[in-house]
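Fold and geometry: a report
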Amino acid sequence: MANSPSGDSMAERIVRVISAFDAENPSMPVATLARRAGLPLSTAHRLAAELVSLKVLQKSGTGELRLGLRLWELASRSSSALDLRRVAMPFMEDIQAVIRQHTQLSVLQDDEVLFIERLSSRGSVANFAKVAGRLPLHISSSGMVMMAHAPRHVQEGFLARHRDDPAPFPAADELRRQWAGIRREGCATLPGVVDPETTGIAVPIFGPQGPAVAALGVVVPLGSENTAATVPALMTAARGISRGLGTDSAEAGPRYGSGAAVGD
């Protein structure tokens, strides 16, 4: 595939164009798109026109661009995230009926937590997580519980990539200590980290190959009286989702709160 003078391929430029859109920037003029995608204006004009013709992008009456339905159509045809969501949804609805705050499903992506589903109730507490949105791994209960149950080399790779991150990014030994505690408890509980008024609680969802492939979490008011009762319900739901993904029930059960070391 042909490269631009700067060395990036056409595929890389297209991904940058698509990635420029997010929850805070769902639509924008082409000049803004060029800036956010790091492209020359002429290149952004050309790519945008081609993607509009393919219905990957769509143009409003005012000339602003947004993501097109073709992307949703293509993603809906085959996606592991959709399979996970399909299996998890009945369990999430059961949890949400009890806590009536926020119940969310997430996976790890590029050292961040990617949220693929969220159920909320009217009057719920603040929640910075959005469907198709991301949060830094180390401030999210979902991210911490997935990394705690990741293979050792994945953990050490994450720590190496963030070795020089400035404070308040935690030190490597502190993160290792937290991950060990999460493995012992079977869940991650982060009170007041993302928002001072809320607590994030998450448990791992295991795949057939062993490591955690996703997390089931809730966001509840800080100091909620139901926090202690929420964890067993989350663990039960996560076991059900793991079984639905093909994980043997005898294997899924002991991993919650077992304190077992994570393999290399």
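Reference entry: report on the structure contained in this document.

Conventions we followed
- Residues numbered from 1 in each chain as written.
- Predicted model: local features only at pLDDT ≥ 70, side-chain atom pairs only at ≥ 80, totals over all residues.
- Heavy atoms only, no water.
- Helix = DSSP H or I, 4+ residues; strand = E, 2+ residues; numbered from the N terminus.
- Contact = heavy atoms within 4.5 Å.
- Patch = residues over 30% accessible without salt bridge, like charges linked within 9 Å, V, L, I, M, F, W, Y side chains within 5 Å.
- Areas by Shrake-Rupley, 256 points an atom, 1.4 Å probe, with all protein chains shown as cover.
- Salt bridge = Lys/Arg side-chain N within 4 Å of Asp/Glu carboxyl O.
- Buried < 20%, exposed > 50% of the residue type's maximum accessible area, 1.4 Å probe, protein only.
- Phe/Tyr/Trp six-rings, centres within 6.5 Å; stacked < 30°, edge-to-face > 60°.
- Pairing = 2+ DSSP bridges.
- Axes fitted to C-alpha atoms, helices over the stretch in contact; angles between N-to-C directions.
- Parallel < 35°, antiparallel > 145°, perpendicular 65-115°, else oblique.

Considering the overall build of the protein
Looking only at helices and strands, the protein features ten helices and nine strands. Taking the intrachain contacts of the protein between residues at least 6 apart in sequence as the baseline, contacts between residues at least 24 apart amount to 53%.

Some thoughts on a nonpolar patch on the surface
Together, F128, V193 and V194 make up a nonpolar patch on the protein surface, roughly 250 Å² of accessible area in all. For V193, the position within the fold is in the loop between β7 (188-191) and β8 (198-206).

Side note on the environment of L190
As for its position among the elements, L190 is in strand β7. Relative accessible area serves as the criterion here: at 14%, L190 is assigned to the buried category. In the structure, L190 is positioned 49 residues away from S141 in sequence and 5.8 Å away in space, judged by C-alpha atoms.

A word on the pattern of salt bridges
In the structure shown here, the tally under the stated rule is ten salt bridges. With its nearest N and O atoms 2.9 Å apart, the salt bridge here joins R176 to E156. Taken together, the residues R176 in helix α8 (residues 172-185) and E156 in helix α7 (residues 152-161) connect sequence positions 20 residues apart. When its relative accessible area of 33% is taken as the criterion, R176 is described as partly exposed. The exposure class assigned to E156 is partly exposed, which follows from its relative accessible area of 31%. Between R176 and D173 there is a salt bridge, with the nearest N and O atoms lying 2.8 Å from each other. Placement of both R176 and D173 in helix α8 is noted, with a separation of three residues, approximately one turn of the helix. Each of the salt bridges in this network shares a partner with another, and the network as a whole consists of D110, E112 and R134.

Describing the packing of aromatic side chains
All chains considered together, the criterion is met by two aromatic pairs. Measuring from centroid to centroid gives 6.1 Å for F158 and F169, while their planes differ by 40 degrees, and the two rings are tilted. Separated by eleven residues along the polypeptide, F158 in helix α7 and F169 in the loop between α7 and α8 bring together distant segments of the chain. Both residues of the pair, F158 and F169, belong to the buried class. Chaining the aromatic ring pairs together yields one cluster made of F158, F169 and W179.

Thoughts on the pairing of strand β5 (residues 112-120)
As defined by bridge partners, strand β4 (residues 102-109) adjoins β5 across eight bridges and the pair is classed as antiparallel. Bridging from a neighbouring strand, L108 pairs with V113 of β5. The antiparallel hairpin formed by β4 and β5 contains two residues in its connecting segment, where D110 sits at a positive phi of about 55 degrees. Direction of pairing for β5 relative to strand β6 (residues 134-136): antiparallel, over a ladder of three bridges. Following the sheet pairing, L114 is matched in β6 by R134.

Some details on the sheet that holds β8
Ordered in space as β6-β5-β4-β9-β8-β7, the six strands form an open sheet in which the pairing is antiparallel. Strands at the two margins of the open sheet, each flanked by one partner only, are β6 and β7. Within this sheet the neighbouring strands show an average axis-to-axis angle of 30 degrees, counted without direction. Along the sheet face, helix α6 (residues 141-148) touches β4, β5, β7, β8 and β9 (212-221) and points at about 35 degrees away from the line of β8.

Notes on the packing of helix α1 (residues 10-19) against helix α3 (residues 41-53)
The contact between α1 and α3 brings their axes to 11 Å, and the two run at 80 degrees. Judged by the angle between their axes, α1 and α3 are roughly perpendicular. Residues M10, R13, I14 and V17 of α1 lie in contact with α3, whose contacting residues are T43, R46, L47 and L51.

Quick look at the sheet that holds strand β3 (residues 65-67)
Across the sheet, which stays open at both edges, the three strands sit in the order β1-β3-β2 with antiparallel pairing between neighbours. In this open sheet, the two edge strands, each paired with only one partner strand, are β1 (27-28) and β2 (57-59). Judged from the two bridges that link them, β1 and β3 form a sheet pairing that is antiparallel. Paired with M28 across the strands is L65, a residue of β3.

Topic: α7
Every buried residue of α7 is listed here: Q155, G157, F158 and L159. Buried positions along α7 lie against α6 and α8.

Remember that the coordinates give geometry; whether it matters functionally is a separate question.
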